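# Per-entry structural report
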Amino acid sequence: MKEILDAILAGDTPQEAYEALPLPESYRAVTVHKDEETMFEGLESRDKDPRRALHVEDVALPELGPGEALIAVMASAINYNTVWTSIFEPVSTFRFLERYGRTSPLTKRHDLPYHVVGSDLAGVVLRTGPGVNAWKPGAEVVAHCLSVELESPDGHGDTMLDPEQRIWGFETNFGGLAHIALVKSNQLMPKPAHLTWEEAASPGLVNSTAYRQLVSRNGAGMKQGDNVLIWGASGGLGSYATQFALNGGATPICVVSSEDKAQICRDMGADLVIDRRAEDFKFWKDEHTQDPKEWNRFGKLIRELTGGEDVDIVFEHPGRETFGASVYVTRKGGTIVTCASTSGFVHEYDNRYLWMNLKRIVGSHFANYRESWEANRLIAQGKIHPTLSRSYSMDEVGQAAYDVHRNLHQGKVGVLCLAPEEGLGVRNHEMRAKYINEINRFRNI
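Quick summary incoming for the structure in this document. (Residues numbered from 1 in each chain as written. Predicted model: local features only at pLDDT ≥ 70, side-chain atom pairs only at ≥ 80, totals over all residues. Heavy atoms only, no water.)

## A closer look at the state of the cysteines
Short version of the rule: Cysteine sulfur atoms that come within 2.5 Å of each other are treated as a disulfide pair. Note on exposure labels: buried denotes an accessible area under 20% of the residue type's maximum, exposed denotes more than 50%, and partly exposed covers the range between, all computed with a 1.4 Å probe on protein chains only.
Tallying each qualifying case throughout the model produces zero disulfides. We note that Cys145 lacks a disulfide partner, and the nearest cysteine sulfur, in Cys339, lies 11 Å from it. For Cys145, a relative accessible area of 0% gives the class buried. The thiol of Cys254 is not disulfide-bonded; the next cysteine sulfur, from Cys265, is found 4.0 Å away.

In structure tokens:
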């Protein structure tokens, strides 16, 4: 791995030199173990500790197949799917790997007693398999996390509808929290030249997810002038939704849980911010009963901020805790677009406010290649910025996942993989200088 890292750090290593580099038989990776998948049985989600389940160890280099690429990973990031993997919720990811392994002799590689996790990366192409022409060894790339087979006609209008659609590093093995990752070549996109490795790695999953959910015609189809209610507006998903709303001429109404988070939203350019903790909103009277009076109070506050208008779109991802309120406050004919459900997967709402007011609920899940490419292009153009707040070393990945699990973080949490320190990998220093305050916004909290 030292030769590979030296070639990357040199910054001008030619393609033929990368092609001549020997690949190791094994590499360092962050894993969970199949024989530990019952370790948290009987515990509440909050009490399950990712630090106990995530391991950093050497694993065998996987065979490279057609249409695939091996990537030297300089940096990655933590997403909620890594937290879910580490606490084996809602199911153990080994069920996904077993199912994928039955697809073909080649996918059998993924069905192992360990799972290399992680759904983000920034790094350098080391090798490509047969049939890959668009990417060559030495290319600096980021990867989106959509893995598809596209042997069925169902996915050819929208690849997210492929029956064999999976999230790389969550429903497949050999993810990005490692020194080397295995990806399909159609996951690759150019690394934004003005960003460091850790900055470039951090937007991938959440940026693409927010783009499809809010901007794409497959999601809410946001337009200029829309009022957009954004839950967790300073968090991993919400911080990108806030930027997309501002960049696209909409008005974000940012919901946060502290004054520090409210200030982040204001720093991004959002004027309308609700600190739900300061307002003491309690949408549930108890575990089983929601409080419509609180929905009504929430709606009144929104109208006070907007000059009497309800919201056109609700950007929903907390799920159970907030969904009833989201359906209630959406304007007649408006859209609630939902993913993730980090506070619980079972949603409850009063259908009268949906059906009688012609509202729509749209399910949104990650993004197709085109949507991911467009989202990454906006990063590369400096129109949307990474929301990286902190980076950990790979040996500290358990703590990084714990912080995300317990909501102790802001924006995105990065992980240095092969990169020996932060700040490396910038190729366009002039552009970086232009946007340095926006790039560092979440670090300066």
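Picking up where we left off.
## Here's the deal with the sheet that holds strand β16 (residues 311-316)
Heads up, the condition is: By definition, two strands form a pair when at least two bridges between them are found by DSSP. Numbering of helices and strands runs from the N terminus, with a helix taken as a DSSP run of H or I at least four residues long and a strand as a DSSP run of E at least two residues long. Here an angle of 0 to 180 degrees is reported between the N-to-C directions of two axes, which are lines fitted to C-alpha atoms, with helices fitted over the stretch in contact. The contact definition used throughout considers only heavy atoms, calling two residues in contact when any of these lie within 4.5 Å.
Pairing is parallel across the open sheet formed by six strands, whose spatial order is β13-β12-β11-β16-β17-β18. Strands with a single pairing partner mark the edges of an open sheet, and in this sheet they are β13 (272-275) and β18 (360-363). For this sheet, the mean inter-axis angle between neighbouring strands, taken without regard to orientation, is 20°. Here five bridges tie β16 to strand β17 (residues 330-338), and the two strands are oriented parallel to one another. Bridge assignment links Val311 to a residue of β17, and that residue is Thr330. Against the sheet, helix α7 (residues 204-215) touches β11 (227-231), β16 and β17, its axis set at about 150° to β16. On top of the sheet, helix α8 (residues 238-247) reaches β11, β12 (251-256) and β16; it is set at about 165° to β11, its chief contact.

## Some words on the pattern of salt bridges
Side-chain pairing between opposite charges can occur once the charged atoms of the two side chains come close. Here is the rule we go by: Here, a salt bridge means any side-chain nitrogen of Lys or Arg that lies within 4 Å of a carboxyl oxygen of Asp or Glu.
Scanning all chains against the criterion turns up 30 salt bridges. For Glu98, the salt bridge identified is with Arg95, shortest N-O distance 2.9 Å. Of this pair, Glu98 and Arg95 both sit in helix α5 (residues 94-101), three residues apart, roughly one helical turn. Between Arg427 and Glu140 there is a salt bridge whose closest N-O contact spans 2.7 Å. Here the residue Arg427 occupies a position in the loop between β20 (412-416) and α15 (429-434), and Glu140 occupies one in strand β6 (residues 140-143), the gap between them amounting to 287 residues. In this structure Arg427 comes out as partly exposed when scored by relative accessible area, which is 38%. A single network of salt bridges, built from pairs that share partners, joins Glu198, Glu199, Glu422, Arg432 and Arg443.

## Focus: the nonpolar core
Put simply, the rule reads: Think of a nonpolar core as a cluster: buried Ala, Val, Leu, Ile, Met, Phe, Trp, Tyr and Cys residues, connected wherever their side-chain atoms sit within 4.5 Å.
Within the largest apolar cluster, 113 residues are counted, with the highest numbers of intra-cluster contacts made by Ile78 and Leu188. If you look at the next biggest cluster of nonpolar residues, it comprises 21 residues, including Trp231, Ile253, Phe283 and Val311.

## Side note on the environment of Thr82
As for its placement among the helices and strands, Thr82 is situated in helix α4 (residues 80-86). Separated by 35 residues in the primary sequence, Thr82 and Val117 place their C-alpha atoms 6.6 Å from one another. Not counting chain neighbours up to four residues away, the residues in contact with Thr82 comprise Val117, Gly118 and Leu177.

## Structural notes on the side chain of Lys184
You can see Lys184 is positioned in strand β9 (residues 180-184). In this view, Lys184 contacts Gly67, Glu68, Tyr100, Ser147, Val148 and Glu149; residues no more than four positions away in its chain are not counted.

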